[in-house]
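Each chain, written out:
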Amino acid sequence: MGQHLLPGNPPVELTLRRSPRARRISLRVSGLDGQVTLTLPRGVSEGEALDFAHSKGDWLRSQLQDRPGAVTVSWGAEIPVEGQVLRIDMGTGRRVLPEGDALLVPGPEETVAPRLQAFLKTLARDRLAGASDRYAAAISKSYSRITLRDTRSRWGSCTSAGGLMYSWRLIMAPPEVLDYVAAHEVAHLQEMNHSTAFWTLVEQLLPDYREPRLWLRRNGADLHRYRFGD
């Protein structure tokens, strides 16, 4: 249905969307990019929906104000690696090296982001393969391959052919969060659903899975704040 500017201080840009499945008017602020979506069910006029959005103006602005800003990956920026916040500093040689609370990335500056992204992807593959191997062995299953992507809709998936897909950004989360996603997807090798049997299996693989699952729900969107220029 297009865009609409909600007046106020500051004005808020809304994306209006009509959904035949919606039962009521709803407002959603994306945790990834701050986009505000106003969803209209069938039979509700645009004016009525905009009045609803206007009544929620203070809430909307507080949500947008509290959102953490994007971080451009370059020297001097800070980025989490396995849950530890590290400062990106100028390095020498050819490799990216963690050193104390710093992450040393050799220049020139325009190569910092792609070099660091390659480093994080390699580390993510190593950690995710290790966790997947461990959990798959525990249930006597095997997977066909591991694929890394930069997905925004999900942190992992498992195909019927046994292929595991993970977001490489999991390497920025605490290790137990990465372990939880690996346990979750490996459990799908046996239970291709989210039944009681599935969650029982996840708990067998990772008894304390609830805490990292909650961390991901609360903080996962923040991992997309870091921009690598791709």
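Here goes a summary of the coordinates provided. (Residues numbered from 1 in each chain as written. Predicted model: local features only at pLDDT ≥ 70, side-chain atom pairs only at ≥ 80, totals over all residues. Heavy atoms only, no water.)

## Regarding the packing of aromatic side chains
Stated formally: Any Phe, Tyr or Trp ring, taking Trp's six-membered ring, that has another such ring centre within 6.5 Å forms a pair; planes under 30 degrees apart are called stacked, those over 60 apart edge-to-face, and the others tilted. The secondary structure listing takes helices from DSSP runs of H or I that are at least 4 residues long and strands from runs of E that are at least 2 residues long, numbered from the N terminus. Relative accessibility decides the category of a residue: with a 1.4 Å probe and only protein chains considered, values under 20% of the type maximum give buried, values over 50% give exposed, and everything between is partly exposed. Placement of a charge over a ring requires the Lys NZ or Arg CZ to be within 6 Å of the ring centre, with the centre-to-atom vector within 35 degrees of the ring normal.
A full pass over the atoms with the stated rule returns 4 aromatic pairs. With a centroid separation of 5.4 Å and an interplanar angle of 75 degrees, the aromatic rings of tryptophan 168 and phenylalanine 228 are classed as edge-to-face. Highlighted residues: tryptophan 168 in the loop between β12 (163–167) and α4 (175–187) and phenylalanine 228 in the segment after β13 (226–227), separated in sequence by 60 residues. Judged by relative accessible area, which is 7%, phenylalanine 228 ranks as buried. Consider the rings of tryptophan 199 and tyrosine 209, whose centres lie 5.5 Å apart with planes at 20 degrees: the pair is stacked. With tryptophan 199 in helix α5 (residues 196–205) and tyrosine 209 in the loop between α5 and α6 (210–219), this pair connects stretches of sequence that are 10 residues apart. The ring of tyrosine 135 is capped by arginine 134, whose NZ or CZ atom sits 4.9 Å from the centre of that ring.

## Section: the sheet that holds strand β4 (residues 36–40)
Quick note on the threshold: A pair of strands is treated as paired once DSSP finds two or more bridges between them. As a rule, the C-alpha atoms of each element are fitted with a line to give its axis, helices using only the stretch in contact, and angles between N-to-C directions run from 0 to 180 degrees. Any two residues whose heavy atoms approach within 4.5 Å are treated as being in contact.
One open sheet holds the 4 strands; their spatial order is β1-β2-β4-β3, and the pairing between them is mixed. Both edges of this open sheet fall to β1 (2–6) and β3 (26–29), since each of them pairs with a single strand only. Strand-to-strand twist in this sheet, taken as the mean axis angle between neighbours without regard to direction, amounts to 30 degrees. Pairing geometry for β3 and β4, over 4 bridges, is antiparallel. In the sheet register, arginine 28 faces β4, and the bridge partner there is threonine 37. Of the strands in this sheet, β1, β2 (12–18), β3 and β4 are in contact with helix α1 (residues 46–55), which crosses β4 at around 135 degrees.

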